[in-house]
Amino acid sequence: MDHSNNLTLIGAEDVITDVIRERRSIYPDEFLAKDIPQNIVEEILVNATWAPTHKMTEPWRFIVLQGTHQYQFGLYMANYYKNYYLEKLSHSKFAAKFKYLQEYPLKAACMIAIILVRHPKIALPEWEEIAAVSCAVQNMALSCTAYGLGGYWCSTDAAIEYVKELGLAENERSLGLFIMGHFDPLAITPRKKRSPLTKKVTWLK
Ligand SMILES: Cc1cc2nc3c(=O)[nH]c(=O)nc-3n(C[C@H](O)[C@H](O)[C@H](O)COP(=O)(O)O)c2cc1C
C-alpha cells in the first residue's frame, strides 16, 4: 500500500467542490420568468446522460416542457389538490391557494419530465436504475449551478401523475419533474445545513 500523499490532480477540485456545495434547490417562486437558450438546456441534458449506469442501460428519457405545458401543469396541480384544499381552507383562502398552484410553474424556464426506462433485455434491480436516473438528475442540478441557474426535483404526486399522462410505455415509470429557471442569488433563502461527517461516516481500517 502506497501511503504517500501524491494525488494526480486534474485542476478541477476547487471548482467541483464549489459547484457541489453551492447547489441548492431553487423553487419556482424564486424564478425570474426568463428563458434559458435551447443550447444550454441541451448541454445540461447531455451532462445528465454522462451519469454512470450499470451495464450501460442508460435507463432514462426526458421530455422538455415549456410554454403552454407549464400552464397546463399549473392547472393540473391546482385541480389535483382541489378537493384536499376545499375541505381544509376557507373559501377565500382556497381561491388564493388555487391561483397560487395554477401559477406556480409559470416563472420557470422549463420543466424536464424525468422518465425511468427499463431495458427490454437487461433486467437489473429497479433500485439500480432509479439510482442511475438520480445520478443523471444530480448532474442536471450541478450543471444548472455551474451556469448560474436554479432548479429542483419535484416529486409530488401531482408531478408524478402529470408525467404519466404524457404517455409512458409499459417499461417506463414517471419520476416527476426537474423544474429549472433563472434566479437572483441575492434574493434566495439561506442554504440548508448538513450533518457533520462524524454522524454519518464510520472508518474501518
Ligand atoms: C428525489 C428527490 C425528490 C424531491 N422532491 C421534492 C419535492 O417534491 N418538493 C420539494 O419541495 N423538494 C423536493 N426535493 C428537494 C429537497 O427538498 C431538497 O433537496 C432538500 O430540502 C435539501 O435542500 P437543497 O437541495 O437546497 O440542498 C426533492 C429532492 C430529491 C433528491
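The structure displayed is predicted, hence computed values, not measured ones.

Draft legend 1. A look at the side chain of His182. If you trace the backbone, His182 turns up in strand 4 (residues 172–182). For His182, the side chain forms a polar contact with the main-chain oxygen of Asp35, separated by 2.9 Å. Apart from the residues lying within four places of it in its own chain, the contact partners of His182 are Glu30, Phe31, Leu32, Lys34, Asp35, Ile36 and Leu149.

Draft legend 2. Representation of the sheet that holds strand 1 (residues 60–65) in the model. Reading across from one edge, 1-2-4-3 is the order of the four strands in this open sheet, with antiparallel pairing throughout. Looking at strand neighbours, the two that pair on one side only are strand 1 and strand 3 (149–154), the edges of this open sheet. Across the sheet, the axes of successive neighbouring strands diverge by a mean angle of 25 degrees, strand direction being ignored. The strands that helix 3 (residues 68–80) touches are strand 1, strand 2 (110–117) and strand 4; relative to strand 2, the one it contacts most, it runs at about 75 degrees.

Draft legend 3. Examining the side chain of Glu129 more closely. Relative to the helices and strands, Glu129 resides in helix 6 (residues 126–146). In this structure, Glu129 is buried with no salt-bridge partner, the nearest side chain bearing the opposite charge being Arg118 at 4.5 Å. Residues within four places of Glu129 in sequence aside, it is in contact with Thr57, Pro59, Leu116, Arg118 and Leu124.

Draft legend 4. Summary view of the pattern of salt bridges. This structure, assessed with the given rule, holds five salt bridges. Note that Glu172 and Arg61 form a salt bridge whose closest N and O atoms lie 2.8 Å from each other. With Glu172 in strand 4 and Arg61 in strand 1, this pair connects stretches of sequence that are 111 residues apart. When its relative accessible area of 15% is taken as the criterion, Glu172 is described as buried. Given a relative accessible area of 30%, Arg61 falls into the partly exposed group.

Draft legend 5. Molecular detail of the packing of aromatic side chains. The full count for this structure, using the stated rule, is eight aromatic pairs. Between Tyr76 and Tyr162, the aromatic rings sit 5.3 Å apart at their centres with planes inclined by 65 degrees, giving edge-to-face as the arrangement. Note that Tyr76 is positioned in helix 3 and Tyr162 in helix 7 (residues 157–164), a separation of 86 residues in sequence. A centroid spacing of 4.9 Å and a plane angle of 75 degrees characterise the contact between Tyr84 and Tyr85, whose relative ring orientation is edge-to-face. Here a set of aromatic residues connected by ring pairs shows up, and it is made of Phe73, Tyr76, Tyr80, Tyr81 and Tyr162.

Draft legend 6. Quick peek at the packing of helix 1 (residues 13–22) against helix 6. Packing of helix 1 against helix 6 brings their axes to within 9 Å, and their N-to-C directions diverge by 105 degrees. As judged from the angle between their axes, helix 1 and helix 6 are roughly perpendicular. The segment helix 1 lies against helix 6, with Val19, Ile20 and Glu22 engaging Leu142, Thr145 and Ala146. Taken together, the residues that form the contact of helix 1 with helix 6 break down as four nonpolar, one polar and one charged.

Criteria and cut-off values
Residues numbered from 1 in each chain as written. Predicted model: local features only at pLDDT ≥ 70, side-chain atom pairs only at ≥ 80, totals over all residues. Heavy atoms only, no water. Helix = DSSP H or I, 4+ residues; strand = E, 2+ residues; numbered from the N terminus. Polar contact = N/O pair within 3.5 Å; in protein donor to acceptor, adjacent residues only side chain to side chain. Contact = heavy atoms within 4.5 Å. Pairing = 2+ DSSP bridges. Axes fitted to C-alpha atoms, helices over the stretch in contact; angles between N-to-C directions. Buried < 20%, exposed > 50% of the residue type's maximum accessible area, 1.4 Å probe, protein only. Lys, Arg positive; Asp, Glu negative; His and termini not counted. Salt bridge = Lys/Arg side-chain N within 4 Å of Asp/Glu carboxyl O. Phe/Tyr/Trp six-rings, centres within 6.5 Å; stacked < 30°, edge-to-face > 60°. Parallel < 35°, antiparallel > 145°, perpendicular 65-115°, else oblique. Nonpolar A, V, L, I, M, F, W, Y, C, P; charged D, E, K, R; others polar.

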